[in-house]
Amino acid sequence: MVRTGTITLPHGITLHCRSSGQPDQPLLVFFHGFPEGSFIWEDLLKTLGGDFYCVAPDLRGYGHSSQPAQVQDYRPKALVQDLVALIEALSPGRPAACVIAHDWGGALAWNLANQHPRLMQQLCILNAPHPGTFLRELQGNPQQQAASQYMHYLRRTDAPAQLLANGAERLFGFFQHADGSWPAWLTPEMRTRYLLHWQQGMLGPCAYYAASPLVPPRGEDAGAQALQLPESLLRIEVPTHVIWGEQDHALLPALLDGLEQWVPDLHIHRIPHASHWLVHEAPQEIEALLRQQVLK
């Protein structure tokens, strides 16, 4: 059974969470990305809750979690602080068995693993680029630069209102296939669930992009071209599993190249038929990989 509730962190942020299992079981934490919410993990929470204490928050700015109004409140340092405090509250003195994270949740999880490796035994990333490979591709790969141009739109102050206009037409467009068709997983019930979630507020989700320096160059805006990241911020010492939907048109497969430079204990699992939305498209494959390769 999946339960819902809220956790108030010591620094005042409140996270709305879904959970399954019991607190005395090994902890699994799940972090979603844009423009999603904790509900995307429900299938995995249901199937893994018999063996693990599974907790999936709505990240800061999403749904019923705290929604600070300033862009600076969505800088990586503040967002990672939420994840640290959440794990420490859920499992005092004991690391999570695994952090499982997608998209923006994955971007934060890379930082979490780099800065606080003591908080996890393993890391599992789903279609979320490591900052080192993302910076490299944004600086030197024209295909990735083109694929990431949407980030500039999401940084605009009018983006939240535009995304919600006409029944969130533009937001639903993120899920649409290139030929204009809709994925089978986006049922009328799921559409309603997304729309209600988005209507809680879009300023926070867009602020993740506005607060990030990792954006592609555009015109006179050098974006990531002007950025350098020290090696100390890129090293990941915990065992890491990357599950990657190869049909992702926003995050290209070259983002996996050379990843072992920063992640020595690395296992990459490619799902050829899955896209960026692999949590919806391949939940059984993801569960099997988790059980057979990560949580064994």
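Our subject in this report is the structure included herewith.

**Here we look at empty space enclosed by the protein**
Per the stated rule, a full pass over the model turns up one cavity of 30 Å³ or more. Put simply, the largest cavity is a space of about 30 Å³. Surrounding the largest cavity, Leu15, Leu59, Arg60, Leu79, Asp82, Leu83, Leu108 and Tyr208 form its lining. Residue contributions to the lining of the largest cavity peak at three residues, all from helix 2 (residues 76–90). Grouping the amino acids of the lining of the largest cavity by side-chain chemistry returns six nonpolar, no polar and two charged.

**Examining the side chain of Gln144**
Note that Gln144 resides in helix 5 (residues 142–147). Reaching out from Gln144, the side chain makes a polar contact with the backbone oxygen of Ala250 at a distance of 2.8 Å. Discounting chain neighbours no more than four positions away, the residues touching Gln144 are Phe134, Glu137, Leu138, Ala250, Leu251, Leu252 and Leu255.

**Considerations on the pattern of salt bridges**
Scanning the entire structure with this criterion turns up 10 salt bridges. Across the pair Glu42 and Arg18 runs a salt bridge, and its minimum N-O distance is 2.9 Å. Placement of Glu42 in helix 1 (residues 42–48) and of Arg18 in strand 2 (residues 14–20) is noted, with a sequence separation of 24 residues between them. The pair Glu42 / Arg18 is uniform in exposure class, with both members buried. Between Arg118 and Glu88 there is a salt bridge; the shortest N-O distance is 2.8 Å. Of the two residues, Arg118 sits in the loop between helix 3 (103–115) and strand 6 (123–126) while Glu88 sits in helix 2, which places them 30 residues apart along the sequence. A relative accessible area of 37% means that Glu88 is categorised as partly exposed.

**Some details on the layout of surface pockets**
Size it by volume and the largest pocket reaches roughly 560 Å³. Along the wall of the largest pocket there are 22 residues; nearest its centre are Pro76, Asn111, Pro131, Ser212 and Leu214. Put simply, the parts of the chain that give the lining of the largest pocket at least two residues each are helix 3, helix 4 (131–140) and helix 6 (150–154). In terms of residue class, the lining of the largest pocket is made up of 17 nonpolar, four polar and one charged. Volume-wise, the second largest pocket comes out at about 470 Å³.

**Some thoughts on the nonpolar core**
One finds Leu28, Phe30, Leu112, Leu123 and Tyr194 to be the most contacted residues of the largest nonpolar core, which totals 102 residues. No other element matches helix 2, which puts eight residues into this core. Apart from the residues within four sequence positions on either side, Phe30 is in contact with Trp41, Leu44, Leu45, Leu48, Cys54, Val55, Ala56, Pro57 and Ile100.

**Thoughts on the pairing of strand 3 (residues 27–31)**
The buried fraction of strand 3 amounts to five of the five residues, a majority that puts the element mostly inside the structure. In this sheet, strand 4 (residues 53–57) lies alongside strand 3 in parallel orientation, the contact comprising three bridges. From the neighbouring strand, Leu27 faces strand 4, where its bridge partner is Tyr53. In this fold, the crossover linking strand 3 to strand 4 by way of helix 1 has right-handed handedness.

**Focus on the sheet that holds strand 5 (residues 98–102)**
The eight strands lie next to each other as 1-2-4-3-5-6-7-8, forming an open sheet whose pairing is mixed. Edge positions in the open sheet fall to strand 1 (3–8) and strand 8 (266–271), since each of these has one partner strand only. Taking the axes of each pair of neighbouring strands and ignoring which way they run, one obtains an average angle of 20 degrees across the sheet. Strand direction decides the pairing type here: strand 3 and strand 5, joined by four bridges, are parallel. Paired with Val29 across the strands is Val99, a residue of strand 5. With respect to the sheet, helix 2 is in contact with strand 1, strand 2, strand 3, strand 4 and strand 5, its orientation differing from that of strand 3 by roughly 155 degrees.

**Some details on the packing of helix 7 (residues 159–173) against helix 8 (residues 188–198)**
In the contact formed by helix 7 and helix 8, the axes pass within 11 Å of each other and the chain directions differ by 110 degrees. Looking at the two axes, helix 7 sits roughly perpendicular to helix 8. Taken as a pair, helix 7 and helix 8 cross one another with a handedness that is right-handed. Two secondary-structure elements touch here, helix 7 through Leu164, Gly167, Ala168, Leu171 and Phe172 and helix 8 through Arg191, Tyr194, Leu195 and Trp198. Looking at the contact of helix 7 with helix 8 residue by residue, the class counts come to seven nonpolar, one polar and one charged.

Procedures and definitions
Residues numbered from 1 in each chain as written. Predicted model: local features only at pLDDT ≥ 70, side-chain atom pairs only at ≥ 80, totals over all residues. Heavy atoms only, no water. 1 Å grid on protein atoms, 1.4 Å probe; cavity = no way out; pocket = protein on both sides within 12 Å on 5 of 7 lines; lining within 4 Å. Points joined across faces, edges and corners; volume = space filled by probe spheres on them. Helix = DSSP H or I, 4+ residues; strand = E, 2+ residues; numbered from the N terminus. Nonpolar A, V, L, I, M, F, W, Y, C, P; charged D, E, K, R; others polar. Polar contact = N/O pair within 3.5 Å; in protein donor to acceptor, adjacent residues only side chain to side chain. Contact = heavy atoms within 4.5 Å. Salt bridge = Lys/Arg side-chain N within 4 Å of Asp/Glu carboxyl O. Buried < 20%, exposed > 50% of the residue type's maximum accessible area, 1.4 Å probe, protein only. Core = buried A, V, L, I, M, F, W, Y, C linked by side-chain atoms within 4.5 Å. Pairing = 2+ DSSP bridges. Right-handed = clockwise from strand over helix to strand, strands pointing away. Axes fitted to C-alpha atoms, helices over the stretch in contact; angles between N-to-C directions. Parallel < 35°, antiparallel > 145°, perpendicular 65-115°, else oblique. Left-handed = near helix turned anticlockwise from the far one by under 90°.

The quantities given are spatial measurements derived from coordinates; they are silent on function.
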